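Each chain is listed here by its residues.
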Amino acid sequence: MHLRTRLGTAIGAGALFATALAVTPAHAADSGDVHLMGGCRAGIVCGTVFNNTTHKVKVCLDWNAPGSDQSYQSEDHCASVAYAKPHSIYGAPQLVDIDAIYIPSGTSYWGAYSGIPKKWTHTGSGWWKFSNATDVHIDWTS
């Protein structure tokens, strides 16, 4: 019984540590470090958009100004734009780092970032910036 208790404690501690890592948002590179493919390292550490909708989603490939992650930006500092096609994954598979998504005026997106449920609604310029190693899942729009 003593071995089982220690094993259970070790497994529980490992699960807690893995959970903490999974829900801790990563931080984006400074504007000087953000370039096309600048955040991709071996195709693993890229901002990635999972577009699970029937609409294309406008994404920023090169955000060229500082700004808080997981937040709306008051100005448009996107130097390079692309579109995630409906029912596609854009970012890591193409070795491209996605820095932000654009929410059109009057539109809301529902989904999750890094496993955290989220609703995005157009405010300010409509760009929502996120960090490298962040998965943004857009599941539906209205």
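Above this note sits the structure.
This is a predicted model, so every value here is computed, not measured.

Draft legend 1. Up close: the sheet that holds strand β8 (residues 116-121). Strand order in the open sheet formed by five strands is β5-β1-β10-β7-β8, and the pairing between neighbours is mixed. Pairing within the sheet leaves two strands with one partner each, and these edge strands are β5 (88-90) and β8. Within this sheet the neighbouring strands show an average axis-to-axis angle of 25°, counted without direction. In terms of strand pairing, strand β7 (residues 108-113) meets β8 through six bridges, oriented antiparallel. Bridge assignment links Tyr-113 to a residue of β8, and that residue is Ile-116.

Draft legend 2. Local environment of the pairing of strand β10 (residues 135-141). Both strand β1 (residues 48-51) and β10 contribute to a ladder of four bridges, which runs parallel. Bridge assignment links Phe-50 to a residue of β10, and that residue is His-137. Where β7 meets β10, five bridges bridge the pair, whose relative direction is antiparallel. When the sheet's bridge partners are listed, Ala-112 is paired in β10 with His-137.

Draft legend 3. Structural view of the sheet that holds strand β2 (residues 57-60). Read across the sheet, five strands follow the order β3-β9-β6-β2-β4 without closing on themselves; strand pairing throughout is antiparallel. Taken across any chain shown, the strands that pair with only one partner, and hence form the sheet edges, are β3 (71-72) and β4 (81-84). Pairing between strand β6 (residues 100-102) and strand β9 (residues 127-129): three bridges, direction antiparallel. Directly across from Ala-100, in β9, lies its bridge partner Lys-129.

Draft legend 4. Region of the structure containing the pattern of salt bridges. Counted under the stated rule, the structure contains one salt bridge. Note that Asp-69 is salt-bridged to Lys-129, the shortest N-O span being 2.8 Å. Residue Asp-69 is located in the loop between β2 and β3, and its partner Lys-129 is located in strand β9; the two are separated by 60 residues in the primary sequence.

Draft legend 5. Examining the environment of Val-57 more closely. Mapped onto the fold, Val-57 is located in strand β2. Spatially, the C-alpha atom of Val-57 lies 9.4 Å from that of Pro-104, the residues being 47 residues apart in sequence. Each residue touching Val-57, except ones within four places of it in the same chain, is listed here: Asn-51, Ala-82, Tyr-83, Ala-84, Ile-101, Tyr-109 and Ile-138.

Analysis parameters
- Residues numbered from 1 in each chain as written.
- Predicted model: local features only at pLDDT ≥ 70, side-chain atom pairs only at ≥ 80, totals over all residues.
- Heavy atoms only, no water.
- Pairing = 2+ DSSP bridges.
- Helix = DSSP H or I, 4+ residues; strand = E, 2+ residues; numbered from the N terminus.
- Axes fitted to C-alpha atoms, helices over the stretch in contact; angles between N-to-C directions.
- Salt bridge = Lys/Arg side-chain N within 4 Å of Asp/Glu carboxyl O.
- Contact = heavy atoms within 4.5 Å.

Everything listed is a geometric property; what it means functionally is a separate question.
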